[in-house]
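A closer look at the structure
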There are 2 protein chains.
Amino acid sequence: MIDLTKKLKYMVQKKEIIKKLRSTGLRPTKQRILIAQNLFDREKTFHFTVESLNKQINKKGKEKISLATVYNTVEAFTKAGHIKEILTSKSKSYFDTNIRSHHHFYDEDSKELTDINYNQVKLSKVPHPPKGKKIKNLEVVIRLQK
Amino acid sequence: MIDLTKKLKYMVQKKEIIKKLRSTGLRPTKQRILIAQNLFDREKTFHFTVESLNKQINKKGKEKISLATVYNTVEAFTKAGHIKEILTSKSKSYFDTNIRSHHHFYDEDSKELTDINYNQVKLSKVPHPPKGKKIKNLEVVIRLQK
DNA sequence: TTTGTAGTTTAGAATTATTATAAACTAGAT
DNA sequence: ATCTAGTTTATAATAATTCTAAACTACAAA
Ligand SMILES: [Mn+2]
Ligand SMILES: [Mn+2]
Ligand SMILES: [Zn+2]
Ligand SMILES: [Zn+2]
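Overview of the structure.

Reading guide: rules and limits
- Residues numbered from 1 in each chain as written.
- Chains lettered and ligands numbered in written order.
- Predicted model: local features only at pLDDT ≥ 70, side-chain atom pairs only at ≥ 80, totals over all residues.
- Heavy atoms only, no water.
- 1 Å grid on protein atoms, 1.4 Å probe; cavity = no way out; pocket = protein on both sides within 12 Å on 5 of 7 lines; lining within 4 Å.
- Points joined across faces, edges and corners; volume = space filled by probe spheres on them.
- Helix = DSSP H or I, 4+ residues; strand = E, 2+ residues; numbered from the N terminus.
- Nonpolar A, V, L, I, M, F, W, Y, C, P; charged D, E, K, R; others polar.
- Pairing = 2+ DSSP bridges.
- Phe/Tyr/Trp six-rings, centres within 6.5 Å; stacked < 30°, edge-to-face > 60°.
- Buried < 20%, exposed > 50% of the residue type's maximum accessible area, 1.4 Å probe, protein only.
- Near = heavy atom within 4 Å.
- Polar contact = N/O pair within 3.5 Å; in protein donor to acceptor, adjacent residues only side chain to side chain.

**Some thoughts on the layout of surface pockets**
Residues and elements named next belong to chain B.
- Estimated volume of the largest pocket: approximately 920 Å³.
- Those elements that provide at least two residues to the lining of the largest pocket are helix H3 (50-57), helix H4 (67-80), strand S2 (84-86) and strand S7 (134-145).
- No other element matches H4, which puts 5 residues into the lining of the largest pocket.
- Per-class residue counts for the lining of the largest pocket are 11 nonpolar, 10 polar and 14 charged.
- Reported here for the second largest pocket is a volume of approximately 570 Å³.

**Examining the sheet that holds S2(B)**
All names here are of chain B.
- Taken together, the 3 strands give an open sheet; going across it, the order is S1-S3-S2, and neighbouring strands pair in antiparallel fashion. Only two strands of the sheet have a single partner each, and these edge strands are strand S1 (47-48) and S2.
- The sheet contact formed by S1 and strand S3 (residues 94-96) spans 2 bridges and is antiparallel. Along S3, the bridge assignment pairs histidine 47 with aspartate 96.

**So, the packing of aromatic side chains**
All names here are of chain B.
- All told, the structure shown has 8 aromatic pairs over all chains when counted by the stated rule.
- Plain terms: the ring middles of phenylalanine 46 and phenylalanine 48 are 5.6 Å apart, the flat faces sit at 40° to each other, and that makes the pair tilted. Each member of the pair phenylalanine 46 and phenylalanine 48 is classed as buried.
- With centroids separated by 5.7 Å and ring planes inclined at 25°, the aromatic side chains of phenylalanine 48 and phenylalanine 95 adopt a geometry described as stacked. With phenylalanine 48 in strand S1 and phenylalanine 95 in strand S3, the pair connects residues that are 47 residues apart, well separated along the chain.
- The exposure class assigned to phenylalanine 48 is buried, which follows from its relative accessible area of 2%.
- Phenylalanine 95 gets classed as buried once you look at its relative accessible area, which sits at 6%.

**Here we look at the protein's contact with DNA strand C**
- Close contacts around DNA strand C come from 17 residues, with A:Arg22, B:Thr29, B:Gln31, B:Arg32 and B:Thr69 the closest.
- For DNA strand C, the fraction of atoms within 4 Å of the protein that belong to sugar or phosphate moieties is 77%.
- One nitrogen or oxygen atom from the main chain of A:Ser93 is found 2.9 Å from a phosphate oxygen belonging to DNA strand C.
- Take B:Ser66: an N or O atom from its main chain is 3.2 Å from a phosphate oxygen of DNA strand C.
- Here the surface near DNA strand C takes 3 residues from H4(B), the largest share from any one element.
- Residue classes in the surface near DNA strand C are distributed as 4 nonpolar, 7 polar and 6 charged.

Remember that the coordinates give geometry; whether it matters functionally is a separate question.
The structure is reproduced here in structure tokens:
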């Protein structure tokens, strides 16, 4: 039955999300589970801002989650490594459910972030970090204009 | 005379700065000239924030320039292409008097930006921009941690 | 040189993303 | 069932930046 498999899939996914939260010391609260479902139960990874996530979560008849909790949760998920913060825009932080190392286009007109396919960028030379410092990450941002 | 050459050099530099401002349609006001001297009459290029520039400008017995004017001037210089904005930090904008295409280390601990020598990074493959878009710039940021 | 005006400076108010506060609530251990 | 540390929430505070509108000034034209 189509409907049965849907329900089953939903329950399995929820279990997985609870496991994911627990694995990083985060209590699986109603709010965190709902946000995690929104972020992770998808085909494709995507980019978002706290504002866009908050709109997405708090639309329709769904039960509401406070903006403070959305901020708290996004911060907790970032610290836990479930999402990645992308510092590309002047005015607001973007986040990425794709936590693999990868690069971005940033469209200055539409303010949209797009992943660059990993094999589309090749760095044949990378500098050594200064003494006493380690490379935390390396990101290429290609800014686009019309 | 040491003192004479100094004074002469200063006058020549000031003339050059006035020319630079005029060349981009900016009136050479007292405030803009002073800020431009601070930014451009140096041996080396450097990175700054509006806050750090404002402190630098408004310290000592020097005549004061309002914070609004520092913001206005930095914006005007950026639009004119005399400086470059670097979007690397979450909370505040950095600016760069090095307007040549180059890459950066960003020290997450000290929040310090450092230029990466141009020949220290080699990109052997760069993606095509999406249809209808042009590449405005490409920047590599290497984030450092202890 | 004086005058007119568009461009600029300025203090202060407004905006906006984000963080802090502190009281109410809850997951989960005992 | 009880306890408590962790969490949520409304709301206030913060901080970088932008806006406003009045005063000022560079400079073109008379
Ligand atoms: Mn901010
Ligand atoms: Mn801001
Ligand atoms: Zn991405
Ligand atoms: Zn630089």
